[in-house]
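Given next are the chains, with one letter for each unit.
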Amino acid sequence: MENGYFVRFARRDGKPDDEYFYRVAEDAQRHFDMFADDDSGLYEKIEVVSLRSPCEAVLTRVFSVIGGA
């Protein structure tokens, strides 16, 4: 398996997750950090996943729903 990272945006609306591949961890983290203050309500969570064995999330941001939406 190729080394690298992807940023996964787990959507709340039932549509497929959005995933973006990066070869360098810093680039993946930069994309992840752009959504630190996201209040769109579109995402359940955003995570950076390492493609090294074992494949696992190295950063996760979970969004809560405010107002029962």
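Residues numbered from 1 in each chain as written. Predicted model: local features only at pLDDT ≥ 70, side-chain atom pairs only at ≥ 80, totals over all residues. Heavy atoms only, no water.

Got a sec to walk through the side chain of glutamate 47? Specific residues and values, please.
Along the chain, glutamate 47 falls in strand β3 (residues 43-50). Within polar-contact distance, the side chain of glutamate 47 engages the side chain of arginine 8 at 2.5 Å. Apart from residues no more than four positions distant in its own chain, glutamate 47 is found in contact with Phe6, Val7, Arg8, Phe32, Ala57, Leu59 and Thr60. (Helix = DSSP H or I, 4+ residues; strand = E, 2+ residues; numbered from the N terminus. Polar contact = N/O pair within 3.5 Å; in protein donor to acceptor, adjacent residues only side chain to side chain. Contact = heavy atoms within 4.5 Å.)

A description of the packing of aromatic side chains should follow, citing residues and the corresponding values.
Counted under the stated rule, the structure contains four aromatic pairs. Both rings, one in phenylalanine 9 and one in tyrosine 20, keep their centres 5.8 Å apart while their planes meet at 90°; by these two values the pair is edge-to-face. Placement of phenylalanine 9 in strand β1 (residues 5-11) and of tyrosine 20 in strand β2 (residues 18-22) is noted, with a sequence separation of eleven residues between them. Judged by relative accessible area, phenylalanine 9 falls into the buried class, the value being 1%. (Phe/Tyr/Trp six-rings, centres within 6.5 Å; stacked < 30°, edge-to-face > 60°. Buried < 20%, exposed > 50% of the residue type's maximum accessible area, 1.4 Å probe, protein only.)

The quantities given are spatial measurements derived from coordinates; they are silent on function.
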